Each structure stands twice: as structure tokens, then as C-alpha cells.
Amino acid sequence: MEIKIETTFIPLILAYDDLPKGVALIRQPVMERRDADYLAVATGVLNFASGVSAGIIGAWIYDKIKKAKDKPKFWIKINEKIVRQIDENSITEMVQREIEISRK
């Protein structure tokens, strides 16, 4: 199972040595793109075993971004869908939906 994460918060993608058990990060490659506003964007892919809970992944992602989530121009996409409300529950729900879609 695989979830692609795109965010303006590069430390989230670089936190590969702090991943939950059963989760592996593939930086594809960790790229930094800059648009007209010079906003950095990092992209990565989380691969995880089907037994890993969306709650664990959601909590891990939120733990990494909680300090930056209120900054202007901060955003996070999970599988090309922008997370509108950045809190642990919203991120967990988005991950859970993506897991359900990939199982179909």
C-alpha cells in the first residue's frame, strides 16, 4: 500500500528515520520546487504494510507538522488531495480514505 505526500514542510519528508513500525518512506526523489512565491515543496511516498493503522500514520504525520501547520502558505496533500483542516483527525481520516480506496 502506498500514500504519496506532498507538502511545503520539508522536515516531514526528511523524518524517514522516525517512521512508525511497518512504514517506509521513498523519497521520489526528495525534490524542492519553487514557484513564483519561492515556496518550497517536498514530495515523498509512504509505503506501509496493510496491517499498519491509519491512526498511527495520521498521528505520525501530525506530530511532524504540528509546529508549522499554522504558518502562512503551509499546506499538505495526500494522494493529490489537499487536507483542508490540518489536525490529527483530518489527516487520519484522509489516510483512512486512501487506504480504503487502494483496497478496492
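Residues numbered from 1 in each chain as written. Predicted model: local features only at pLDDT ≥ 70, side-chain atom pairs only at ≥ 80, totals over all residues. Heavy atoms only, no water.

Engineer: For this particular structure, what's the right way to read the nonpolar core?
Structural biologist: Note on soluble globular proteins: their nonpolar side chains tend to be buried together. By size, the foremost hydrophobic cluster in this structure holds 30 residues, and its most contacted members are Leu46, Ile61, Ile65, Ile91 and Val95. Taken together, the elements giving at least two residues each to this core come down to strand E1 (2-7), helix H1 (10-13), strand E2 (23-27), strand E4 (40-48), helix H2 (54-65), strand E5 (76-78) and helix H3 (88-103). Broken down by element, this core gets its largest block of residues, 6 residues, from H2. Setting aside residues up to four positions removed in sequence, Val95 forms contacts with Ile3, Ala54, Ile57, Ile61 and Ile78. (Core = buried A, V, L, I, M, F, W, Y, C linked by side-chain atoms within 4.5 Å. Buried < 20%, exposed > 50% of the residue type's maximum accessible area, 1.4 Å probe, protein only. Helix = DSSP H or I, 4+ residues; strand = E, 2+ residues; numbered from the N terminus. Contact = heavy atoms within 4.5 Å.)

Engineer: It is not clear to me how the packing of aromatic side chains should be interpreted in this structure. Could you clarify?
Structural biologist: Aromatic rings in a pair are described by how distant their centres are and how their planes are angled relative to each other. Under the definition given, this model contains 1 aromatic pair. A centroid spacing of 6.2 Å and a plane angle of 75° characterise the contact between Phe9 and Phe74, whose relative ring orientation is edge-to-face. On the criterion of sequence distance, the pair formed by Phe9 in the loop between E1 and H1 and Phe74 in the loop between H2 and E5 is long-range, its members being 65 residues apart. With respect to burial, Phe9 and Phe74 carry one shared label: buried. (Phe/Tyr/Trp six-rings, centres within 6.5 Å; stacked < 30°, edge-to-face > 60°.)

Engineer: Explain the pattern of salt bridges here, please?
Structural biologist: Any two side chains of opposite charge can pair, so long as their charged atoms come close to each other. A full pass over the atoms with the stated rule returns 5 salt bridges. Lys69 is paired through a salt bridge with Asp70; the nearest N and O atoms lie 3.4 Å apart. We note a salt bridge from Glu98 to Lys81, for which the minimum N-O separation is 2.8 Å. Taken together, the positions of Glu98 in helix H3 and Lys81 in strand E6 (residues 81-82) put the pair 17 residues apart, joining distant regions of the chain. Taking the relative accessible area as the measure of exposure, Lys81 reaches 37% and is therefore partly exposed. (Salt bridge = Lys/Arg side-chain N within 4 Å of Asp/Glu carboxyl O.)

Engineer: Explain the environment of Ile10 to me, please; I cannot follow it from the model alone.
Structural biologist: If you trace the backbone, Ile10 turns up in helix H1. Separated by 34 residues in the primary sequence, Ile10 and Gly44 place their C-alpha atoms 9.7 Å from one another.

Everything listed here is a matter of geometry and, on its own, says nothing about what the molecule does.
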